[in-house]
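# A closer look at the structure
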Amino acid sequence: MRCYDLALIGFGGVARALAELIRDDSARLEATLGFSLRVVAITDLNLGSLLQPEGIDLAEVLAMPRGANFSGMPGGDRDADNERVIRESAADIVVEATFTNPATGEPALSHVRSALQSGKHVVTTNKGPVALAGAELAELAGVHGRRFEFEGAVMSGTPVIRFAQTQLAGTRIASVTGILNGTSNYILGRLGDGLALQEAIGEAQALGYAEADPTADIGGSDVRLKVAILAEQVMGVRIPVEQIPTTGITEITGAEVTAAAAEGKRWKLLGTVERHEDGTVEARVAPVALGEEHPLAGVSGATNAVTFDTDLLGQVTVSGPGAGRVETAYALLSDIIAIDRAGGR
Ligand SMILES: NC(=O)C1=CN([C@@H]2O[C@H](COP(=O)(O)OP(=O)(O)OC[C@H]3O[C@@H](n4cnc5c(N)ncnc54)[C@H](OP(=O)(O)O)[C@@H]3O)[C@@H](O)[C@H]2O)C=CC1
Ligand SMILES: N[C@@H](CC=O)C(=O)O
């Protein structure tokens, strides 16, 4: 049985959900996938660092009370010494799940570079490094004979990047348009139900949908990163993030959501990448009041959907969870499966 050792960098909602999956479902995963997973290192701002090459007892760390940290445990330290843990741990795969900085991609970008340079595969749900340095990191992975996988960076666990890269590889994609942020889509729905913006944000945070800084969700910068990722990964065009005109949903009121609904319309925050006939490619993020007949109008809650406009198939739409702890942990698992299927070690 193949076994992959993991280092979890960032132990928040998504990484914990992955740890719970490994703790609770390893027998099924081993039987269906043919490999096992073991966590040998964890770092987190709150908890510090834990390095245990023989495997960490996940039940023990998942049960740690709020405010506790790893100091006092064998291989434990109260500081989150990410770089040392990434380089020194015996992990095969580094799981990067810290927060997303939409401007610099740091510290995640440095984590990914260090992991690849020290000969480890990387799986991440962090949009920053992929949007800002995707090509550089893919090249670095190639140089070191490792893989850089990031399915969860767009639409959480719903397989959209790999789907487009493999299943749509033989078509020309003229445009990609989608609802790409679960939090803002959820909030628009709740504004329509009569909630105040802050209440709706609070709900999205409690449900594990929102970014550590939710202004990234409602201000559009989260979708802007995802649009840049889709442009590069699916349409082969690098568009610097700062060149993507972006408007969020902060100016949309509950009254406007209700008034639009009365006219048969639904406000949606759309991310779009379009290839024009002259070959130029344009990207944007903006709220749009869609008519009820539009295929994306009925996509509600934290569900996301993206429509690819192709020459051979016409429109192909993929829809599924766009946020959520367990859903996003699934993206990490799907990346690990991709590494295994590519030959693993
Ligand atoms: N939740 C979702 O639905 C989705 C999330 N993502 C992405 O996945 C990543 C993780 O998301 P999620 O788990 O929800 O976020 P959380 O905020 O729950 O978890 C992030 C964790 O990383 C820790 N952390 C932050 N900075 C550092 C650092 N420098 N060193 C070590 N630990 C650090 C945080 O500690 P502290 O709390 O002290 O800051 C926190 O425990 C993010 O990049 C997010 O954008 C992608 C798709 C969907
Ligand atoms: N905060 C994001 C999480 C996934 O990327 C969202 O709500 O879509």
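Only a predicted model underlies this, so the values are computations on that prediction, with no experimental measurement involved. (Residues numbered from 1 in each chain as written. Chains lettered and ligands numbered in written order. Predicted model: local features only at pLDDT ≥ 70, side-chain atom pairs only at ≥ 80, totals over all residues. Heavy atoms only, no water.)

Right, let's talk about the UniProt feature "domain: Aspartate/homoserine dehydrogenase NAD-binding" (unreviewed entry) in the protein for a bit. Under the present numbering, the feature "domain: Aspartate/homoserine dehydrogenase NAD-binding" (unreviewed entry) in UniProt falls on residues 10-151. What you have in residues 10-151 is 42% helix and 18% strand, and the ends, taken at the C-alpha atoms, are 18 Å apart. (UniProt positions renumbered as here; feature names shortened; annotations may be inferred. Helix = DSSP H or I, 4+ residues; strand = E, 2+ residues; numbered from the N terminus.)

This part covers the pattern of salt bridges. Taken as a whole, this structure holds 20 salt bridges when the rule is applied. Between Arg84 and Asp81 there is a salt bridge whose closest N-O contact spans 2.9 Å. With relative accessibility at 28%, the residue Arg84 sits in the partly exposed group. Look at Asp81 and you get partly exposed, because its relative accessible area is 31%. (Salt bridge = Lys/Arg side-chain N within 4 Å of Asp/Glu carboxyl O. Buried < 20%, exposed > 50% of the residue type's maximum accessible area, 1.4 Å probe, protein only.)

All right, on to the site of ligand 1 then. In the vicinity of ligand 1, 23 residues are found, and the nearest of them are Asp44, Thr98, Thr125, Glu211 and Gly324. Measuring from an oxygen atom of ligand 1, one finds a side-chain N or O atom of Lys127 at 3.1 Å. A distance of 3.0 Å is found between a nitrogen atom of ligand 1 and a backbone nitrogen or oxygen belonging to Gly208. Residues that form the shell around ligand 1 fall into these classes: seven nonpolar, 13 polar and three charged. (Near = heavy atom within 4 Å. Polar contact = N/O pair within 3.5 Å; in protein donor to acceptor, adjacent residues only side chain to side chain. Nonpolar A, V, L, I, M, F, W, Y, C, P; charged D, E, K, R; others polar.)

Among the nonpolar cores identified, the biggest contains 62 residues, and Val306 and Phe308 are the most heavily contacted of them. Here this core takes nine residues from helix α10 (residues 221-235), the largest share from any one element. When we break this core down by domain, the ones giving at least three residues each are domain 1 (2-157 + 325-342) and domain 2 (160-321). Setting aside residues up to four positions removed in sequence, Phe308 forms contacts with Val160, Phe163, Ala164, Leu168, Ile173, Ser175, Val176, Val234, Gly314, Gln315, Val316 and Val318. (Core = buried A, V, L, I, M, F, W, Y, C linked by side-chain atoms within 4.5 Å. Domains from an automatic or database assignment. Contact = heavy atoms within 4.5 Å.)

What follows covers the environment of Asp81. For Asp81, the position within the fold is in the loop between β4 (76-77) and α3 (82-88). Sequence-wise, Asp81 and Val123 are 42 residues apart; in three dimensions their C-alpha atoms are separated by 19 Å. Side-chain polar atoms of Asp81 contact the side chain of Arg84, separated by 2.9 Å.

Along its 21 residues, helix α1 (residues 13-33) runs just 24 Å from first to last C-alpha, ending more than 12% under the 30 Å computed at 1.5 Å per residue. Within the sequence span of α1, burial applies to Val14, Ala15, Ala17, Leu18, Ala19, Ile22, Leu29 and Leu33. Lining the buried residues of α1 we find β1 (2-9), β2 (35-44), α2 (58-62), β5 (93-96) and α12 (325-341). Once α1 ends, the next one or two residues include Gly34, with phi positive near 85 degrees. (Expected span 1.5 Å × (residues − 1).)

A word on empty space enclosed by the protein. Counted according to the given criterion, the structure contains one cavity of 30 Å³ or more. What the largest cavity holds in volume is close to 60 Å³. Those elements that provide at least two residues to the lining of the largest cavity are α1 and β2. With five residues, the single largest contributor to the lining of the largest cavity is α1. (1 Å grid on protein atoms, 1.4 Å probe; cavity = no way out; pocket = protein on both sides within 12 Å on 5 of 7 lines; lining within 4 Å. Points joined across faces, edges and corners; volume = space filled by probe spheres on them.)

As a further point, take the sheet that holds strand β9 (residues 265-275). The five strands are arranged β10-β9-β8-β11-β12 in an open sheet whose pairing can be described as antiparallel. The outermost strands of the open sheet, each flanked by one partner alone, are β10 (281-291) and β12 (314-321). Across this sheet, the average inter-strand angle for adjacent strands is 20 degrees, counted without regard to direction. Relative to β10, β9 is paired through eleven bridges, and the arrangement is antiparallel. Looking at the pairing, Leu270 lines up with Ala286 of β10. Along the sheet face, helix α7 (residues 182-192) touches β8 (173-179), β9 and β11 (303-310) and points at about 155 degrees away from the line of β9. (Pairing = 2+ DSSP bridges. Axes fitted to C-alpha atoms, helices over the stretch in contact; angles between N-to-C directions.)

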